[in-house]
Amino acid sequence: MEKQIGKQSVRFENPPYIMSSAAIVGQKEGEGPYGKFFDEILNDDKAGCECWEEAEGKLQEMAANKALSKSGLEKKDIRYIVAGDLLGQLMASSFGLMKLEIPMFGIYGACSTMGESISIASMLVDGGYADNILAITSSHFASAEKQFRFPLGYGSQRKMASTWTVTGSGAVIISSEKMAQKANMSDKNKVHITGITTGKIVDFGVKDSMNMGACMAPAAGNVIVQNLIDNGRKPEWYDKIITGDLGLVGKDILLDITRSKGYDIADRYMDCGIEIYSREQEIQAGGSGCGCSASMLAGYIVKMLEKGTWQRVLFVPTGALLSPVSFNEGDSVPGIAHAVVFECSGESQ
């Protein structure tokens, strides 16, 4: 079987399984329309910690332990962690996961990190280099605002195109077929990762850091179209095509881009950033942050696949590659997106 497909895609010979998933979110996220799907909702967005950065690390620790508990595995059963976050030097991942004492790959894909972590973990499992890997990421509203934008007490007016960084962490344990069989998993209700398409850095010259949707939409369009071309598929092959956090502004740009390439995905498209909050929560264009797509995947999307509501999903977390340094120097904001193909043959309920 040829694993390298087209220009940017991989098709797995031994598709890894999602052994378990866990999503821990903040109070605002819990008050949104998907609150019932998350494993735990914090009453205190500091999670009992002294600072926002420590709280974000605590979110990852909680999500990791919850995923382990749901899988029936122990820490010693996990070969690697693949993790990242938005903070400088991956502070949330490094400090939050340190107690697990598991070998770790630290990665940075901005808000696309969950797609990148799952992609790397899946290739390692398919290649036989690990039987169980924890893929995890997080974001926190306060830590992101503190690092990238304004002090919270500044009181600046938010633009309608701006997004609200999700306080949350999503974790999935990715396992080999051997481990799935050992756990008595059946193909009828367990989710497989059958392929990935690794995104390119795409820069359309947008410099407005408060309009993340416009920065990221070109990268999302590029990787979605490339996934369809590489695999010889039409959009209808997927039940859902789900981006990470383009929001209301980025959604319209993305749909225009894919239509210009001959692919209309509007009838099966959704965006985690649009969905995670209700309009009444006054979050402008929608949600964002690594934790946005990660918590929606671990809390909601995996469940819809397991139930058989959807059988094929293209999951496309999106990231804006800016830093305080690049922003202060007046650089544009490039985007990147990574696509992951999830399949499940469960019967609809």
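Located above this text is the structure these notes cover.
Rules of the game
Every chain is numbered on its own, with residues counted from 1 as its sequence reads. Since the coordinates come from a predicted model, pLDDT governs what is reported: local features require at least 70, and pairs of side-chain atoms require 80 or more to be given and counted, while whole-chain, interface and lining totals use all residues. Hydrogens and waters are ignored; side-chain quantities use all the structure's heavy atoms. Here the term buried applies to any residue with accessible area under 20% of the maximum for its type, exposed to any over 50%, and partly exposed to those in between, with areas from a 1.4 Å probe on protein chains only. Helix numbers and strand numbers start at the N terminus; a helix is a DSSP run of H or I with at least 4 residues, a strand a run of E with at least 2. Criterion used throughout: strands pair if DSSP finds at least two bridges between them. Note on ring pairs: Phe, Tyr and Trp rings are taken, using the six-membered ring of Trp, and paired if centres are within 6.5 Å. Classes follow the plane angle, with under 30 degrees stacked, over 60 edge-to-face and the rest tilted. Here a cavity denotes grid points, spaced 1 Å and computed from the protein atoms alone, that fit a 1.4 Å probe unable to get out, and a pocket denotes an open set having protein on both sides within 12 Å along at least 5 of 7 lines; residues with an atom within 4 Å of a point are the lining. Grid points are joined across faces, edges and corners, and a volume is the space filled by probe spheres set on the points. Residue classes follow a fixed rule: Ala, Val, Leu, Ile, Met, Phe, Trp, Tyr, Cys and Pro count as nonpolar, while Asp, Glu, Lys and Arg count as charged, and any other residue, Gly among them, counts as polar. The axes used here are C-alpha line fits, helices contributing only the stretch in contact, and every angle between their N-to-C directions lies in the interval 0 to 180 degrees. By definition in this entry, angles of less than 35 degrees are roughly parallel, angles greater than 145 are roughly antiparallel, angles of 65 to 115 are roughly perpendicular, and the rest are oblique. For any helix crossing, the convention is left-handed if the near helix is rotated counterclockwise from the far helix by under a right angle, and right-handed if that rotation is clockwise. Should any heavy atoms of two residues lie within 4.5 Å, those residues are considered in contact.

K.L.:
Whenever I open this one, the pairing of strand 9 (residues 168–175) confuses me. Can you help?
P.N.:
On a regular strand, each side chain points to the face opposite its neighbour's, so the side chains alternate between the two faces of the sheet. The buried fraction of strand 9 is high, at eight of eight residues. Across the two faces of strand 9 the burial is the same, with Gly168, Gly170, Val172 and Ile174 and Ser169, Ala171, Ile173 and Ser175 all buried. Bridging between strand 3 (residues 17–25) and strand 9 involves eight bridges; their strand directions are antiparallel. Bridging from a neighbouring strand, Ser20 pairs with Ile173 of strand 9. Alignment of strand 7 (residues 132–139) against strand 9, held across eight bridges, turns out to be antiparallel. Within strand 9, the position partnered with Thr137 by the bridge is Gly170.

K.L.:
What should I look at first to understand unusual backbone geometry in this one?
P.N.:
Generally, phi is negative for residues other than glycine and the peptide bonds are trans, each holding for most cases. For Gln89, which is not glycine, the phi dihedral falls at a positive 60 degrees. Mapping Gln89 onto the fold places it in the loop between strand 5 (80–84) and helix 3 (91–96). If you check the backbone angles, Glu101 has positive phi at about 55 degrees while not being a glycine. Judged by relative accessible area, which is 71%, Glu101 ranks as exposed.

K.L.:
Explanation requested: the packing of aromatic side chains in the structure shown.
P.N.:
Scanning all chains against the criterion turns up seven aromatic pairs. For the ring pair Tyr80 and Phe105, a centre distance of 5.2 Å and an interplane angle of 55 degrees mean the geometry is tilted. Here Tyr80, found in strand 5, pairs with Phe105, found in strand 6 (residues 104–106); they are 25 residues apart in sequence, far enough to count as distant. Each ring, one from Tyr300 and one from Trp310, has its centre 5.7 Å from the other, and the planes form 85 degrees; the classification is edge-to-face. Taken together, the residues span a long stretch of sequence, with Tyr300 in helix 10 (residues 290–307) and Trp310 in the loop between helix 10 and strand 14 (312–316) at a distance of 10 residues. The exposure class of Tyr300 is buried, given its relative accessible area of 12%.

K.L.:
So what exactly am I meant to see when it comes to the layout of surface pockets here?
P.N.:
The gaps left among the atoms become clear once a water-sized probe is rolled over them. Approximately 200 Å³ is the volume found for the largest pocket. If you go around the largest pocket, the residues you meet are Cys49, Glu53, Glu54, Gly57, Lys58, Glu61, Met91, Ala92, Phe95, Gly96, Met98 and Lys99. At the level of elements, helix 2 (52–71) and helix 3 are the ones that each hand at least two residues to the lining of the largest pocket. Broken down by element, the residue count for the lining of the largest pocket peaks at five residues, all from helix 2. Among the residues forming the lining of the largest pocket, the class breakdown is five nonpolar, two polar and five charged.

K.L.:
Is there a simple way to explain the packing of helix 2 against helix 5 (residues 141–148) in this structure?
P.N.:
Relative to each other, helix 2 and helix 5 sit at 135 degrees, their axes nearing to 8 Å. If you check the angle between helix 2 and helix 5, you find them oblique. Helix 5 is crossed by helix 2, and the crossing has left-handed handedness. When helix 2 is examined against helix 5, the residues Trp52, Glu53 and Glu56 are found in contact with a partner set consisting of Ala142, Ser143 and Lys146. Broken down by class, the residue content of the contact of helix 2 with helix 5 amounts to two nonpolar, one polar and three charged.

K.L.:
Looking at this model, I keep getting lost on the pairing of strand 17 (residues 339–343). Mind explaining?
P.N.:
Counting buried positions along strand 17 gives four out of five residues, so the element sits mostly inside the fold. When strand 10 (residues 192–197) meets strand 17, the two strands line up antiparallel, connected through five bridges. Directly across from Ile196, in strand 17, lies its bridge partner Val340.

K.L.:
How do you make sense of the packing of helix 4 (residues 113–126) against helix 10 when you look at a structure like this?
P.N.:
Pairs of packed helices are described in terms of their axes, by the angle between the two and the distance that separates them. At a minimum axis separation of 8 Å, helix 4 and helix 10 run at an interaxial angle of 60 degrees. The orientation of helix 4 relative to helix 10 falls into the category oblique. Judged by residue contacts, Thr113, Met114 and Ile118 of helix 4 engage Cys290, Ser293, Ala294 and Leu297 from helix 10. Here the contact of helix 4 with helix 10 is composed, by residue class, of five nonpolar, two polar and no charged.

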